[in-house]
Amino acid sequence: MVRTSLPPQCGGPDVVGWKWSAVEHESQHGTTWGTYDLVGTWDGSRFTLTEPARLSPSGTREVPEGDFQAPDFTSPCRAAAGDRAAVDPSKAGAEDYERALRSAEEDKEFAGGWIDTEGGGTVLVMRFTRDLAGHERDIRKTWGGALCLTTAARSQAELRTVRERVVKAVPDLLGASIDVVGNAVSIRTYVATDELRRDMDRRFGAGVVRVHGWLRPAG
């Protein structure tokens, strides 16, 4: 794992067969690093190279995310009935968004929120488990900009509980977060096995926990 800094702060499993002398790399203040594509075998704790390491084609310092795909924060209302138009543009700034979000987070039916700025506009997206009309009235007390309201199966409170249970149940997690777009808990492990996915579905329900692997099958 690599933290964004200069030089990077790194950690993770042992890579058997690794030689810095065999690859191009950068060095600074006693730290040596680079971004590479690796092919090898995984025994549950160590990664053993079976092919020479190659510099990542991107040529950047970005860390590969395995099979993880970033959420699409486009307003979901655009493909349906459309976003609700602004009613008071004077209440559509960053501070207004923060106030609306803080207020919504106190509601037990709140299921997530974000800002969509695609297309040059600013749309506040809010999700609740029920009663969208009632929540719209509350949101309009603090937010006057464009608005998208949609329903979700699980509240943020429910997903936080699931995340806490997953962290205790799954060893060697690399991360666990709430996916507000997918209305699910997203976890990262070294290898996303079918066995782990079935176990998460059995414990929490189909699709509630989405498992992503840092390592990907070669081929």
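That block above? That's the structure.
The rules we used
Residues numbered from 1 in each chain as written. Predicted model: local features only at pLDDT ≥ 70, side-chain atom pairs only at ≥ 80, totals over all residues. Heavy atoms only, no water. Pairing = 2+ DSSP bridges. Helix = DSSP H or I, 4+ residues; strand = E, 2+ residues; numbered from the N terminus. Axes fitted to C-alpha atoms, helices over the stretch in contact; angles between N-to-C directions. Phe/Tyr/Trp six-rings, centres within 6.5 Å; stacked < 30°, edge-to-face > 60°. Buried < 20%, exposed > 50% of the residue type's maximum accessible area, 1.4 Å probe, protein only. Salt bridge = Lys/Arg side-chain N within 4 Å of Asp/Glu carboxyl O. Right-handed = clockwise from strand over helix to strand, strands pointing away. Core = buried A, V, L, I, M, F, W, Y, C linked by side-chain atoms within 4.5 Å. Contact = heavy atoms within 4.5 Å.

Caption draft 1: Summary view of the sheet that holds strand S8 (residues 46-49). Read from one edge to the other, the open sheet built from three strands follows the order S3-S8-S7, with strand pairing classed as mixed. One side of each edge strand has no neighbouring strand; the edge strands of this open sheet are strand S3 (14-16) and strand S7 (40-42). Geometrically, the sheet is characterised by an average inter-axis angle of 25 degrees between neighbouring strands, direction not taken into account. As judged from the three bridges shared by S3 and S8, these two strands associate in the parallel manner. Paired with Val16 across the strands is Thr48, a residue of S8.

Caption draft 2: Molecular detail of the packing of aromatic side chains. Going through the model one piece at a time under the given rule, you end up with seven aromatic pairs. Their ring planes at 40 degrees and their centres at 4.8 Å tell us that Trp42 and Tyr190 sit as a pair that is tilted. Pair noted here: Trp42 is in strand S7 and Tyr190 is in the loop between strand S14 (184-189) and helix H4 (194-204), with a separation of 148 residues, a long-range link. Among the residues examined, Trp42 registers a relative accessible area of 25% and is labelled partly exposed. Between Phe110 and Phe128, the ring centres sit 5.7 Å apart and the planes meet at 65 degrees, which makes this aromatic pair edge-to-face. Of this pair, Phe110 sits in strand S10 (residues 110-116) while Phe128 sits in strand S11 (residues 123-128); the two residues are 18 residues apart in sequence, bridging distant segments of the chain. Relative accessible area serves as the criterion here: at 5%, Phe110 is assigned to the buried category.

Caption draft 3: Region of the structure containing the pattern of salt bridges. Taken as a whole and assessed by the stated rule, the structure comprises 10 salt bridges. The partner of Glu51 in a salt bridge is Arg54, and the shortest N-O contact between them spans 3.4 Å. For Glu51, a relative accessible area of 37% gives the class partly exposed. What you see here is one network of salt bridges that share partners, running through Asp199, Arg202 and Arg203.

Caption draft 4: The arrangement of the pairing of strand S12 (residues 146-151) in detail. Most of S12 sits out of view: five of its six residues are buried. Of the strand pairs in this sheet, S11 and S12 are connected by six bridges, and their pairing is parallel. Paired with Phe128 across the two strands is Thr151, which belongs to S12. Taken together, S11, helix H2 (residues 132-139) and S12 form a β-α-β motif whose crossover is right-handed.

Caption draft 5: Quick peek at the nonpolar core. By size, the foremost hydrophobic cluster in this structure holds 21 residues, and its most contacted members are Val162, Val166, Ile187, Met200, Phe204, Val209 and Val211. Breaking this core down by element, the ones donating at least two residues are S11, S12, helix H3 (156-169), S14, H4 and strand S15 (209-213). Those residues within four positions of Met200 in sequence are excluded, and the remaining contacts are Val166, Val170, Ile187, Gly205, Val209 and Val211. Of all hydrophobic cores here, the second largest spans 12 residues; its members include Tyr97, Leu101, Ala104 and Met126.

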